[in-house]
Amino acid sequence: MPEIEFRSDVTVELVRASAHDSDVLFAARVSTQGEQTLTKALVEESDAAGASKGDAGLINYLMRDRHGSPFEHNSMTFYVQAPIFVFREFMRHRIASYNEESGRYRELNPVFYVPAPTRNLVQVGKPGAYDFLPGTAEQAALVEQSTREASVHAYAAYQRMLEAGVAREVARIVLPLNIFSSMYVTMNARALMNFLSLRTKREGTHFPSFPQREIEMCAEKMEDQFALLMPLTYAAFNKNGRVAP
């Protein structure tokens with residue numbers, strides 16, 4: 001049986017992007033300038049350092065008053081490795097395109113998620129208004145031991161069925177939700193801001209969110225890339241309470 005790997009992290013890589021603050025600007029200005037915007041629209045990249053005060057002001061206005069469509073003329077594609085239970089939450093967001101690794105067409109690798117010792121374990125409060133607190137050392141040990149044992153047992157059963165000639169699509173049914181999968185996800189800035197508003201917890205947001213930590217780990221890595229690609233848009237997003245326009 002292949003050696004089993006346990007991870008407490010996730011992988012998010014920006015594969016390709018056509019996403020710049022200038023995409024927002026030319027899309028918005030066509031409303032009043034028509035064909036005069038075409039020259040700037042043909043410029044591939046925006047220079048945040050050379051952006052005018054008016055550029056930043058326009059993006060902030062669009063964000064504040066929730067004129068959302070100019071934020072859709074761009075694209076970011078991410079490669080994500082995370083446990084399957086994270087992907088089930090991810091795909092609740094029907095504002096992106098997804099292609100995921102298939103357990104029907106390939107043998108799944110024995111890579112499983114186990115919470116890091118720093119992961120909060122105890123839920124307090126009521127649904128919709130709750131928080132998580134650190135668990136005891138005993139609780140942390142129980143989570144780690146139980147997760148590892150269940151993963152090893154499940155993957156051994158999976159291997160036995162494959163070796164007996166059982167189809168992959170049947171053998172996979174014994175695998176737990178903490179097995180890793182991989183996918184490509186593509187979305188525009190407006191969709192990404194909606195995702196970040198729901199899957200990150202930040203002080204001072206207009207609408208508080210209570211994301212599961214593991215999908216928040218993915219969101220944080222995606223947010224880092226977004227901030228680099230579209231700094232004016234990202235600044236306006238934060239300035240206006242992290243509400244997607």
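Residues numbered from 1 in each chain as written. Predicted model: local features only at pLDDT ≥ 70, side-chain atom pairs only at ≥ 80, totals over all residues. Heavy atoms only, no water.

### What to know about the UniProt feature "binding site: dUMP" (unreviewed entry) in the protein
- What UniProt calls "binding site: dUMP" (unreviewed entry) maps, in this numbering, to Glu 89, Phe 90, Met 91, Arg 92, Glu 100, Glu 101, Ser 102, Gly 103, Arg 104, Arg 172 and Arg 199. Spatially, the listed residues are scattered: they cover 111 residues, and their C-alpha atoms lie as much as 29.2 Å apart.
- One can find Arg 92 in the loop between helix 4 (84-90) and strand 4 (97-100).
- Secondary-structure assignment places Glu 101 in the loop between strand 4 and strand 5 (111-113). (UniProt positions renumbered as here; feature names shortened; annotations may be inferred. Helix = DSSP H or I, 4+ residues; strand = E, 2+ residues; numbered from the N terminus.)

### Focus on the packing of helix 3 (residues 53-64) against helix 9 (residues 231-239)
- Relative to each other, helix 3 and helix 9 sit at 45 degrees, their axes nearing to 9 Å. Classified by the angle between their axes, helix 3 and helix 9 sit oblique to one another. For helix 3 against helix 9, the interelement crossing comes out right-handed. Across the interface between the two elements, Ala 56, Ile 59, Asn 60 and Met 63 of helix 3 pack against Leu 232, Thr 233, Ala 236, Phe 237 and Lys 239 of helix 9.
- Tallied by class, residues from the contact of helix 3 with helix 9 come to six nonpolar, two polar and one charged. (Axes fitted to C-alpha atoms, helices over the stretch in contact; angles between N-to-C directions. Parallel < 35°, antiparallel > 145°, perpendicular 65-115°, else oblique. Left-handed = near helix turned anticlockwise from the far one by under 90°. Contact = heavy atoms within 4.5 Å. Nonpolar A, V, L, I, M, F, W, Y, C, P; charged D, E, K, R; others polar.)

### Regarding the packing of helix 1 (residues 21-33) against helix 3
- With their axes 10 Å apart at the nearest point, helix 1 and helix 3 run at an angle of 75 degrees to one another. As summarised for this structure, helix 1 and helix 3 are arranged roughly perpendicular, according to the angle between their axes. Each of Asp 21, Val 24, Leu 25, Ala 28 and Arg 29 in helix 1 lies in contact with helix 3, whose residues at this interface are Gly 54, Asp 55, Leu 58, Ile 59 and Leu 62.
- A breakdown of the residues in the contact of helix 1 with helix 3 according to their chemical character gives six nonpolar, one polar and three charged.

### A closer look at the UniProt feature "active site" (unreviewed entry) in the protein
- UniProt marks Arg 199 with the feature "active site" (unreviewed entry), using the numbering shown here.
- By the element assignment, Arg 199 lies in helix 7 (residues 189-199).
- The exposure class assigned to Arg 199 is buried, which follows from its relative accessible area of 14%.
- With residues near it in sequence (within four places) discarded, Arg 199 still touches Glu 89, Arg 92, His 93, Ser 209, Pro 211, Ile 215, Glu 216 and Ala 219.
- A distance of 3.4 Å separates a polar side-chain atom of Arg 199 from the backbone oxygen of Glu 89. (Buried < 20%, exposed > 50% of the residue type's maximum accessible area, 1.4 Å probe, protein only. Polar contact = N/O pair within 3.5 Å; in protein donor to acceptor, adjacent residues only side chain to side chain.)

### Side note on the packing of aromatic side chains
- Summed over the entire model, instances satisfying the criterion amount to 11 aromatic pairs.
- Residues Phe 85 and Tyr 113 carry aromatic rings whose centres are separated by 6.0 Å and whose planes lie at 70 degrees to one another, so their mutual orientation is edge-to-face. Pair noted here: Phe 85 is in helix 4 and Tyr 113 is in strand 5, with a separation of 28 residues, a long-range link.
- With 5.7 Å between their ring centres and 85 degrees between their planes, Phe 226 and Tyr 234 make a pair best called edge-to-face.
- Residue classification places Phe 226 among the buried positions, given a relative accessible area of 0%.
- Through a chain of ring-to-ring contacts, three or more aromatic side chains come together here, namely Phe 6, Phe 112, Tyr 155 and Tyr 158.
- Sitting over the face of the ring of Phe 132, Arg 119 holds its NZ or CZ atom 5.8 Å from the ring centroid. (Phe/Tyr/Trp six-rings, centres within 6.5 Å; stacked < 30°, edge-to-face > 60°. Lys NZ or Arg CZ within 6 Å of the ring centre and 35° of its normal.)

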